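An overview of the molecular structure
Residue-level listing of the chains:
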Amino acid sequence: MATNKNKTLKVTALNQFTWMPLYQELGKELAGWENRQEELISFLEELRADGYVVTPLQDKDAEGRRFLLREIDPFTFFGAFNRRIGYDQRLAILSRVKQHFGLQSDLPEDFNGVPVLNNMRSWFFPNQVARDPHDIGRLWRAFRLALQENPLSNSKFLQAFDGALEVKQTNVNLTMGLFWVRPETFLSLDENNRDYLGVRLPARGLSAKFYADTIKSVRRDGKPFPEVSLAAWGVENERVRKIAEAKEARYRAWGGINYWLVGAHWDDRDPADQTDRFLEEGIWENGYKNRYINEVMSMQVNDKIAIKAASTQRTGLPFDAHNKTVSRMTVKAVGTIVANREDGRMVEVEWDPDFAEKPWYFYTNRSTIWRLRTDENYRLKEYAEKLKDFVWYGREQEYDWFLEHQLNLSETDQVLSEFIEVTKPPYSVDDLIASGVFLTKEELEQVLERLQSKKAMILQGPPGVGKTFVGRKLGYALMNEVDTDRLEMVQFHQSYSYDDFVRGYRPIPGKAASFVLQNGIFYEFCQKAIRDPDREYVFIIDEINRGNLSQIFGELLMLIEPDKRGPEFALPLAYRTEDEPHFFVPPNLYVIGLMNVADRSLAMVDYAMRRRFVFITLKPQYGSPLFQGWLSERGMHPSLVQLIVERMTRLNQEIREDPLLGENYEIGHSFFLPKGDNFAGLDKSWYRRVVRTEIVPLLKEYWFDNPKRAAEAEKRLLA
């Protein structure tokens, strides 16, 4: 009687696991498909084409090329519906599996106790570049032998088990796969089950002997393995199910699914663009520790997601922008969210392997996370719908429509300031060139790359090469827009101090001998950048070598280094209030110093500061076709252009060859760049005025001990 009672209890317990018959039947069917692996792959690809969320099947070779898998094991096939995806999705995939293989068992009503794979690691084998030619065969052998009678007593199975463990990416997931196909025989040793049972893997890793011994030990307790797994997974599954149900209710309230456009630029990583990593690992991750947590938490299974990168463009546009710079957003990848880890940092994504990068214009956003609003109450619903159709549904952008519907600036300021990047005039490298920065596009892109990488740059050069002008324009190009609120400028001098720059005590007006701790301009600008981490902030220091840099920067000498940015490197300030958090320089703040190399009264920048900056030297551009063309395009007479170029080039050669002067004392081209866009009225008399009032005083200072030489140079310039 005792035996019958125990048997009855066992059957009753197992009847609640309605997934078991279909899983076991499919396992027996798959055992005969080792020579039909391409058919299995084609079937999964067919499911993907029909919109099912299945395991990505893009392989990769040693050159990084992507292509469809040519081989697959049965455990990975099972993993297609045993991953962290929704209940309905799993059931829908199983329905197609049942139909395709002609299985007789009913579809399950539950997945109680079924361990699931991490979406990032749902293959049981590595990419082709790291895969042994025998790996897939090892997995098939273990699968087949697992279906034979008493496999744990079969030495061939135990050998096959250890052989399968030699395959990279196969470890405890092998026990999960065995449990799927024979849940009464095999025990899953996934993390949940190990924690529940108090099982600790051996230091040398999993082995067939350890696995068989563990099963014998657990079996002595008399609890069927599905019930063990349910006890370990059930609570977690119930929590996940409740979260999913709550999210589903929000879907319906919102009107369906959400559409997310997200960034992948991590300033503290190399490479900074994390797109390839996200695609490789099947995830998207929030790079901020304390921002966007709520937004990531609100991302829901089945939501659409895309990786984007915002920039600007002026030339080579697919439409006529009338020589204006427009905002651009490059869409780099699209996918579907299949799981949210509920940590505010990461979601798991089924990325589309066939998506090709493409550009979108006008209606853009530079925030790390942008949820498209498509509800009826949204004033710009039509804009958002067009973007949604372009990104996820293959529609072309209607350039003419956007050109006709561009919002005027005042309307933009009032309505779109939080989420659409048309509030400020876009600015690009092409705008830098058009404004009168006489460097090539390649040269400017290299300068910007160095600024982005080092985060601190000094523009140095002789007088008149446009250091201040170029510094501001580089700042705008870095921001991709003209935003004076995110650009600050100061000028150092001999009496400038740490108290002015960072923080110090200042007299209280109207109160004798009373002082108050007051933040300096750089401190305040850092706080401004910290509150807005998605956008670049530029701090320009004119005449940077006029101040005592070590005294002015203090502890900031370390904090401005590119790898010392962020709260993890925060330091206490020299002057601080009680319980005040330590200070740090945020990674989105860039410093541009301007340095005149011809001023004899100034000391050179010391080595401690020098190694923290990248140095860019600006030179006179009289010989540049860009300079000459810029003057000619604005109507300056060719003879006047030639006069300026020839005489200033000759003068700079003389200065360069003087052993007491050299190239640092050459005279820059900006002296001959008048304001306005029409130079047709300028003549030789204008040139003479510039020479007499601006060039000659410099020459007399240069050759203060040789007035005859200065006079001869003046005579040649005015001849």
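Residues numbered from 1 in each chain as written. Predicted model: local features only at pLDDT ≥ 70, side-chain atom pairs only at ≥ 80, totals over all residues. Heavy atoms only, no water.

1. Details of the overall build of the protein
- A count of helical and extended segments in the protein gives 28 helices and 16 strands.
- Over its C-alpha atoms the protein spans a radius of gyration of 34 Å, topping by over 25% the 27 Å that the globule rule assigns to 719 residues.
- Viewed in the frame of its principal axes, the protein has a C-alpha envelope of about 125 × 65 × 55 Å.
- A separation of at least 24 residues holds for 72% of the contacts in the protein among residues at least 6 apart in sequence.
- As displayed, the protein has an accessible area near 34800 Å², and 48% of this comes from carbon and sulfur atoms.
- Across the protein, the 96 positively charged side chains and the 105 negatively charged ones have centroids separated by 2 Å. (Helix = DSSP H or I, 4+ residues; strand = E, 2+ residues; numbered from the N terminus. Rg over C-alpha atoms; globule rule 2.2 N^0.38 Å. Contact = heavy atoms within 4.5 Å. Areas by Shrake-Rupley, 256 points an atom, 1.4 Å probe, with all protein chains shown as cover. Lys, Arg positive; Asp, Glu negative; His and termini not counted. Charge placed at Lys NZ, Arg CZ, Asp CG, Glu CD.)

2. Quick notes on the side chain of Asn588
- One can find Asn588 in the loop between helix H23 (556-559) and strand E15 (589-596).
- There is a polar contact of 3.0 Å between the side chain of Asn588 and the backbone oxygen of Asp532. (Polar contact = N/O pair within 3.5 Å; in protein donor to acceptor, adjacent residues only side chain to side chain.)

3. Here we look at unusual backbone geometry
- Not every positive phi belongs to a glycine, and Asn150 is a case in point at roughly 45°.
- With respect to the secondary-structure elements, Asn150 resides in the loop between helix H6 (135-146) and helix H7 (155-165).

4. Here's the deal with the nonpolar core
- Judged by nonpolar contacts, the single largest core of 68 residues is most densely connected at Tyr23, Leu30, Phe78, Phe101, Phe161, Leu178 and Trp180.
- The element contributing the most residues to this core is H6, with seven residues.
- With residues near it in sequence (within four places) discarded, Leu178 still touches Phe75, Ala146, Phe157, Phe161, Phe186 and Tyr211.
- Counting residues in each nonpolar core, the second largest holds 35 residues, with Leu643, Ile655, Phe671 and Ala710 among its members. (Core = buried A, V, L, I, M, F, W, Y, C linked by side-chain atoms within 4.5 Å. Buried < 20%, exposed > 50% of the residue type's maximum accessible area, 1.4 Å probe, protein only.)

5. Notes on the sheet that holds strand E10 (residues 456-461)
- Reading across from one edge, E11-E14-E15-E10-E16 is the order of the five strands in this open sheet, with parallel pairing throughout. Each edge of the open sheet is held by one strand with a lone partner, namely strand E11 (487-491) and strand E16 (614-617). Strand-to-strand twist of the sheet, defined as the mean angle between neighbouring strand axes without regard to direction, takes the value 20°.
- Sheet topology note: the E11/strand E14 (residues 537-542) ladder contains five bridges and is parallel. Among the inter-strand pairings, Val490 is bridged to a residue of E14, identified as Ile541.
- Set on the sheet, helix H18 (residues 441-454) makes contact with E10, E15 and E16; between it and E10 the angle comes to about 140°.
- Of the strands in this sheet, E10, E11, E14 and E15 touch helix H19 (residues 467-479), which is tilted by about 165° from E15. (Pairing = 2+ DSSP bridges. Axes fitted to C-alpha atoms, helices over the stretch in contact; angles between N-to-C directions.)

6. Comments concerning the packing of helix H3 (residues 37-49) against helix H5 (residues 87-101)
- Interhelical geometry of H3 versus H5 gives an angle of 140° and a closest axis separation of 11 Å. Taken together, the axis directions place H3 and H5 in an arrangement best described as oblique. As for the relative orientation of H3 and H5, their crossing is right-handed in sense. Residues Leu40, Phe43, Glu46 and Leu47 of H3 pack against Ile93, Arg96, Val97, His100 and Phe101 of H5.
- Counted by class, the contact of H3 with H5 contains six nonpolar, one polar and two charged residues. (Parallel < 35°, antiparallel > 145°, perpendicular 65-115°, else oblique. Left-handed = near helix turned anticlockwise from the far one by under 90°. Nonpolar A, V, L, I, M, F, W, Y, C, P; charged D, E, K, R; others polar.)

7. Topic: the pattern of salt bridges
- Within this structure, the stated rule accounts for 46 salt bridges.
- Residues Asp59 and Arg131 are paired through a salt bridge, measuring 2.8 Å at the closest nitrogen-oxygen approach. Highlighted residues: Asp59 in strand E1 (residues 58-60) and Arg131 in the loop between H5 and H6, separated in sequence by 72 residues. When sorted by exposure, Asp59 lands in the same class as Arg131, which is buried. (Salt bridge = Lys/Arg side-chain N within 4 Å of Asp/Glu carboxyl O.)

8. Structural notes on the packing of aromatic side chains
- Inspection of every chain in the model, using the stated rule, returns 56 aromatic pairs.
- Between Phe124 and Trp180 the ring centres are 6.5 Å apart and the planes differ by 70°, which places this aromatic pair in the edge-to-face class. Here the residue Phe124 occupies a position in the loop between H5 and H6, and Trp180 occupies one in helix H8 (residues 173-181), the gap between them amounting to 56 residues.
- Classification of Phe124 by relative accessible area gives buried; the value is 0%.
- On the basis of relative accessibility, which here comes to 0%, the residue Trp180 falls in the buried class.
- Ring geometry for Phe186 and Tyr211: centres 6.4 Å apart, planes at 10°, overall stacked. Of this pair, Phe186 sits in the loop between H8 and helix H9 (191-197) while Tyr211 sits in helix H10 (residues 208-219), and the two are 25 residues apart along the sequence.
- Tyr211 sits in the buried class, given a relative accessible area of 1%.
- Each member of the aromatic cluster is reached from another via a ring pair, and the members are Phe319, Trp360, Tyr361, Phe362, Tyr363, Trp370, Tyr383, Phe390, Tyr399, Trp401 and Phe402. (Phe/Tyr/Trp six-rings, centres within 6.5 Å; stacked < 30°, edge-to-face > 60°.)

9. So, the pairing of strand E5 (residues 304-313)
- Here strand E3 (residues 259-262) pairs with E5 via four bridges, running parallel. Note on E5: the bridge partner recorded for Leu261 is Ala306.

10. A word on H8
- With nine of nine residues buried, H8 is to be regarded as a mostly interior element.
- Three or more residues of H8 are buried, namely Asn173, Leu174, Thr175, Met176, Gly177, Leu178, Phe179, Trp180 and Val181.

11. Focus: the confidence of the model for the protein
- Chain-level statistics for the protein give a pLDDT mean of 85 and a share of 90% at 70 or above.
- Segment residues 1-15 is flagged for pLDDT under 50; beyond a separation of four residues in sequence, or across chains, it makes six contacts in the model.
- Taken together, the stretch residues 235-254 has pLDDT below 50 and engages in 23 contacts with residues farther than four places along the chain or on a different chain. (pLDDT = per-residue confidence, 0-100.)

12. Let's talk about the pairing of strand E6 (residues 326-340)
- In terms of burial, E6 is a largely internal element, 13 of the 15 residues being buried.
- Across ten bridges, E5 lies against E6 in antiparallel orientation. Its bridge partner lying in E6, Gln313 is registered against Val326.
- When E6 meets strand E8 (residues 358-361), the two strands line up antiparallel, connected through four bridges. By the bridge assignment, Thr330 is partnered in E8 with Pro359.
- Here E6 runs beside strand E7 (residues 346-351); their pairing, made up of five bridges, is antiparallel. The residue of E7 that forms the bridge with Ala339 is Glu348.
- Once E6 ends, the chain turns through five residues before running back antiparallel as E7, passing Glu342 with a positive phi of about 60°.

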